[in-house]
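Report on the structure
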Amino acid sequence: MKPVKVGLLGLGTVGTGVVRIVEGHQEDLSNQVGSPIEIAQILVKDRAKARNISVDPSKLTEDPWDIVRNPGIDVIVEVMGGVALTKEYILEALERGKHVVTANKDLMAMHGQEILAKARDKGCDVLYEASVAGGIPIIRTLIEGFSSDRITKIMGIVNGTTNYILTKMSQEGAAYADVLKEAQELGYAEADPTSDVEGLDAARKMTILSSLGFRANVSLDNVSAKGISGVTQEDIQYAKRLGYEVKLLGIAERQDDTISVSVQPTMIKRSHPIASVNGVFNAVYVHGEAVGETMFYGAGAGELPTATSIVADLVAVIKNMKLGVNGRQAQLSYNVMKLKTDEQIASKFFLLLHVEDRAGVLAQIAQVFSNCDVSIESVMQPSTPNQSSTEIIIITHEASKAAMNQVLQAFESQNSIRKIKSVYRVEG
Ligand code: NAP
Ligand code: HSE
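Let me begin by describing the structure that accompanies this report. (Residues numbered from 1 in each chain as written. Chains lettered and ligands numbered in written order. Predicted model: local features only at pLDDT ≥ 70, side-chain atom pairs only at ≥ 80, totals over all residues. Heavy atoms only, no water.)

**Thoughts on the packing of helix α7 (residues 160–172) against helix α8 (residues 176–185)**
Operational definition: The axes used here are C-alpha line fits, helices contributing only the stretch in contact, and every angle between their N-to-C directions lies in the interval 0 to 180 degrees. Secondary structure elements are defined from DSSP: runs of H or I of at least 4 residues count as helices, runs of E of at least 2 residues count as strands, and each element is numbered from the N terminus. Roughly parallel means an angle under 35 degrees; roughly antiparallel means over 145; roughly perpendicular covers 65 to 115; every other angle is labelled oblique. Crossing handedness: left-handed means the near helix sits turned counterclockwise from the far one by under a right angle, and right-handed means the same turn made clockwise. Residue contacts are defined here by distance: any two heavy atoms, one from each residue, within 4.5 Å place the two residues in contact.
Packing of α7 against α8 brings their axes to within 9 Å, and their N-to-C directions diverge by 135°. With respect to each other, α7 and α8 are oriented oblique. The interaxial crossing formed by α7 with α8 has right-handed handedness. Every residue of α8 that contacts α7 at T161, Y164, I165, K168 and M169 is listed here: Y176, V179, L180, E182 and A183.

Written out as structure tokens, the structure is:
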């Protein structure tokens, strides 16, 4: 039986996993698709680099066009990363009738619509399961599993690096910089880890998930993002005392034809299943009008988990080739949605204030909340004997983002409040 020929763009963490799975599971895979799968060519930046997998050196090339323009290649698997040039290679591959499997969330979040439109025109598949939540088949689940429901909320830990860092900070009191280095060594972090720690990687993934979940064209500009670089050990410890964990959460909500999508460090009640998702693990919680609550859990990054999703996409493409139905993905972005205003976005909030320790200060603070129509759920003042200042921790009832901004603005001009140390969204 003629093999299906794959051109692999990239042989780093994920590319190595793809080679291992295609070779190691060859018999199972060919039984499922009806022909052998051959990785025929591999793009790398440096052919001379030492690798922790042995591949036939004659398959390696440093020229992407060798693969993209090779008429013998049926499917391109893109695991090199990057946006501008990578997009050129993928569009050219589609132009030439090749199917594409990619793990590239940056590319799909920024140019997904254009790439998918080109794929449709050319009768090609573009599948990107590995682009969100590594080994969890969440994209297929949103497209197919939830096709009959109306999703109202998607809440996810979708970045493994930051979850690994927050877990180690919470459980071991580890220092942020040390754990980031560890996550890089383990192959979890992006080439530039700023996109992990500043929430951009998660924002790109939430763009993809919310577009699919809400069947709308959500653009990256619609997603507000804040990362974990400002999360302190003090915040984590206070959260724990109050029964919360700090997690970098992507939160997408829909009400009728309005949506909001954001990424931010969030305090989540320990009893919520997502609070116990630790280490490099990811989880995506999906609430549907009909189904209610569901949650999907698994490794969010790393060589083999990510490669599993890629090779599963490869299997889907090849099955479509056999059936002659490539490029028939349904148009999913048929809903037109408006972004919620700050008045329409509501949650509970956690505030850590550094204030003067004297009579009347708590009353002033309470007055500000009252003036802005924000109701307080609980207040805690840790004991700091014989000091002129203290800390106050407040958890609010659900309030709009606009009202909370008014509270913070009012605090800025109050002398008795020395510093607004932290503000977190609270969930669960
Ligand atoms: P990586 O380890 O840095 O590997 C990148 C590979 O691409 C390397 O083999 C590199 O060649 C090659 N490459 C990069 N730029 C190139 C260029 N201009 N020309 C030729 N070759 C080039 O990256 P990775 O962690 O495997 O991630 C790959 C993609 O998967 C990224 O889009 C990432 O966001 C996504 N992803 C990663 C994970 C994960 O856990 N790591 C999970 C999900 C998705 P050399 O080997 O010669 O340097
Ligand atoms: N850097 C990403 C993460 C890789 O840590 O989640 C998986 O997309």
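**Here we look at the packing of aromatic side chains**
Here is the rule we go by: Pairing of aromatic rings covers Phe, Tyr and the six-membered ring of Trp, with a centre-to-centre limit of 6.5 Å; geometry is then stacked below 30 degrees between planes, edge-to-face above 60, and tilted otherwise. The buried label goes to any residue with under 20% of its type's maximum accessible area, the exposed label to any with over 50%, and the partly exposed label to all in between, with areas taken from a 1.4 Å probe on protein chains only.
Counted by the stated rule, this structure contains six aromatic pairs. Both rings, one in W65 and one in Y89, keep their centres 5.1 Å apart while their planes meet at 90°; by these two values the pair is edge-to-face. With W65 in helix α3 (residues 64–68) and Y89 in helix α4 (residues 84–95), this pair connects stretches of sequence that are 24 residues apart. Y89 gets classed as buried once you look at its relative accessible area, which sits at 9%. Relative to F296, the ring of F146 lies with its centre 6.2 Å away and its plane at 80°, an arrangement referred to as edge-to-face. Highlighted residues: F146 in the loop between α6 (138–145) and β7 (151–157) and F296 in strand β12 (residues 292–299), separated in sequence by 150 residues. The buried category is assigned to F146, whose relative accessible area is 5%. Judged by relative accessible area, which is 22%, F296 ranks as partly exposed.

**A look at the packing of α4 against helix α5 (residues 105–122)**
So the rule is basically this: Residues are sorted three ways: Asp, Glu, Lys and Arg are charged, Ala, Val, Leu, Ile, Met, Phe, Trp, Tyr, Cys and Pro are nonpolar, and all the rest, Gly among them, are polar.
Remark: α4 packs on α5, axes separated minimally by 9 Å, with the N-to-C direction vectors making an angle of 10°. Of the possible angle classes, the one that applies to α4 and α5 is roughly parallel. Pair α4 / α5 crosses with right-handed handedness. Within the contact between the two elements, α4 uses T86, K87, I90, L91, L94 and E95 and α5 uses L107, H111, E114, I115, K118, A119 and K122. For the contact of α4 with α5, a count of residues per class yields six nonpolar, two polar and five charged.

**Quick look at the pattern of salt bridges**
Worth spelling out the cut-off: By definition, a salt bridge exists where a carboxyl oxygen of Asp or Glu is found within 4 Å of a side-chain nitrogen of Lys or Arg.
Taken as a whole, this structure holds 27 salt bridges when the rule is applied. In this structure, K421 and E391 form a salt bridge, with 2.6 Å as the shortest nitrogen-oxygen distance. Pair noted here: K421 is in strand β18 (residues 417–427) and E391 is in strand β16 (residues 389–396), with a separation of 30 residues, a long-range link. Exposure remark for E391: the relative accessible area of 14% places this residue in the buried category. R425 is the partner of E427 in a salt bridge, and the nearest nitrogen-oxygen pair spans 2.9 Å. The pair formed by E427 and R425 is uniform in burial state, with each residue classed as buried. Each of K105, E190, D201 and K205 takes part in a single network of salt bridges with overlapping partners.

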